[in-house]
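The lines below spell out each chain.
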Amino acid sequence: MSSTTEFDSMLVTHIVGGQQIQMSLADKNRYIKNQTNPEPIRLVMVVWKDNCQFCSEPQGPSEALYVSTHNHMGFISCPNCLEKMQETYNHWMENFAYGDAKELLGRKIRVLRSNGQFDDDWELHPNDAYVLIDEDGQQLVNCKKTGVDVTKHCPVKLLFEWNS
Ligand SMILES: [Zn+2]
């Protein structure tokens, strides 16, 4: 079952061309709908038929490609625009996935736990490339403890401090 959550009201931003537009995810989804270069949207409470970010008159069952299966962020396409969606997805993953933290991808990283201890066996979440922006404009990326289902959104700035 899909439902709106607290996540939908978090402030997010486009990380495109240095533009820092902050808005709620719900507003962002509406804003993005008419863009020529679509951004990932929250694929919760969406209609999986005649729905497409890439054309104005979609028909038929819709498909998705996720940049975050964790938070259901991704692209949605009608049957006619699958190739365009794949290109857009590839371009997004290459240029915007994990924001400034991308260079930490594939490495074991050190993360400060809430108990004040450092753990050395974390990684950027392999299934969540979507970057959140907090109220101070800081990038947050989802991190995951290797081998277990423990995750935490960490400020990118702190990740670089912890891993320098
Ligand atoms: Zn389409």
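In the block above lies the structure referred to throughout.
In this report, the structure presented in the accompanying data block is examined. All values reported here derive from a predicted model rather than from experimental measurement.

1. Describing the overall build of the chain
Then step 1. The helix and strand inventory of the chain stands at four helices and 10 strands.
Then step 2. Reading the helices (α) and strands (β) of the chain from amino to carboxyl end gives α-β-β-α-β-β-β-α-β-β-β-β-β-α.
Then step 3. Of all 164 residues assigned to the chain, the portion counted as buried reaches 30%.
Then step 4. Here the contacts in the chain between residues at least 6 apart in sequence split such that 45% fall between residues at least 24 apart.

2. A closer look at unusual backbone geometry
Then step 1. For methionine 45, which is not glycine, the phi torsion reads 60° and is therefore positive.
Then step 2. Within the element layout of this structure, methionine 45 appears in the loop between β3 (41–42) and β4 (63–68).
Then step 3. Even without glycine at this site, histidine 72 takes up a positive phi of about 60°.
Then step 4. Take histidine 72: it is sitting in the loop between β4 and β5 (73–77).

3. Describing the sheet that holds β3
Then step 1. The three strands are arranged β3-β5-β4 in an open sheet whose pairing can be described as antiparallel. In the strand order of this sheet, the two ends are held by β3 and β4, each with one partner.
Then step 2. As judged from the five bridges shared by β4 and β5, these two strands associate in the antiparallel manner. When the sheet's bridge partners are listed, glutamate 63 is paired in β5 with serine 77.
Then step 3. Here helix α3 (residues 82–95) sits on the sheet and contacts β4 and β5; the angle it forms with β4, its principal contact strand, is near 5°.

4. So, the environment of serine 62
Then step 1. With respect to the secondary-structure elements, serine 62 resides in the loop between β3 and β4.
Then step 2. On the basis of neighbour count, serine 62 is assigned to the buried category, with 22 C-beta atoms found within 10 Å.
Then step 3. Excluding residues that lie within four positions of it along the chain, serine 62 makes contacts with Trp48, Lys49, Asn51, Cys52, Ile76, Ser77 and Cys78.

5. Re the pairing of strand β9 (residues 139–145)
Consecutive side chains of a regular strand alternate in pointing toward one face of the sheet and then the other.
Then step 1. In terms of burial, β9 is largely enclosed, as six of its seven residues are buried.
Then step 2. Relative to β9, strand β7 (residues 118–124) runs antiparallel, the two sharing three bridges. Bridge pairing in β9 links leucine 124 to cysteine 143.
Then step 3. Of the strand pairs in this sheet, strand β8 (residues 132–133) and β9 are connected by two bridges, and their pairing is antiparallel. Each residue of the ladder has a partner; that of isoleucine 133, found in β9, is glutamine 139.

6. Observations concerning the pairing of strand β10 (residues 151–155)
Then step 1. Judged from the five bridges that link them, β9 and β10 form a sheet pairing that is antiparallel. Its bridge partner lying in β10, asparagine 142 is registered against histidine 153.
Then step 2. Hairpin connection of β9 to β10: five residues between the antiparallel strands, including glycine 147 at a positive phi of 85°.

7. Concerning the nonpolar core
Then step 1. With 30 residues, the main nonpolar core has Val67, Tyr98, Val131, Val141, Cys143 and Cys154 as its most contacted residues.
Then step 2. Of all elements in the fold, only β4, β5, α3, β6 (109–112), β7 and β9 reach the threshold of two or more residues within this core.
Then step 3. Here this core spans two domains, and each of domain 1 (11–95) and domain 2 (99–162) adds at least three residues to it.
Then step 4. Setting aside residues no more than four positions away along its own chain, cysteine 154 makes contact with Val111, Leu140, Val141, Cys143 and Leu159.

8. Side note on α3
Then step 1. Over its 14 residues, α3 extends 20 Å from the first C-alpha to the last, a length consistent with the 20 Å expected when each residue adds 1.5 Å.
Then step 2. Taken residue by residue, α3 has Met85, Thr88, Tyr89 and Trp92 as its buried positions. Relative to the axis of α3, the buried residues are bounded by an arc of 100° and lie together on one face. Of the exposed residues in α3, those oriented more than 90 degrees away from the buried face are Glu83, Glu87, Asn90, His91, Glu94 and Asn95.
Then step 3. In the core, the buried residues of α3 are packed alongside β4 and β5.

Quick notes on the rules
Once a new chain begins, its residue numbering starts again from 1 and follows that chain's sequence as written. In keeping with the model being predicted, local features are shown solely for residues with a pLDDT of at least 70 and side-chain atom pairs are shown and tallied solely at 80 or more, while totals for entire chains, interfaces and linings include all residues. Secondary structure elements are taken from DSSP: a helix is a run of H or I of four residues or more, a strand is a run of E of two residues or more, and numbering for both begins at the N terminus. Neighbour density around each residue's C-beta defines its exposure: 20 or more other C-beta atoms within 10 Å make it buried, 12 or fewer make it exposed, and counts between make it partly exposed, where C-beta atoms are placed from the backbone. The contact criterion used here is simple: two residues whose C-beta atoms, placed from the backbone, lie within 7 Å are in contact. We call two strands paired when DSSP finds no fewer than two bridges between them. Each axis is a line fitted through C-alpha atoms, taken for helices only over the stretch in contact, and angles between the N-to-C directions span 0 to 180 degrees. Put simply, a nonpolar core is a cluster of buried Ala, Val, Leu, Ile, Met, Phe, Trp, Tyr and Cys residues tied together by C-beta atoms within 7 Å. In this document the domain limits rely on a domain assignment from an automatic tool or a database. Helix span, as expected, comes to 1.5 Å for every residue beyond the first. In this context, the arc is that of the directions from the helix axis out to the C-beta atoms.

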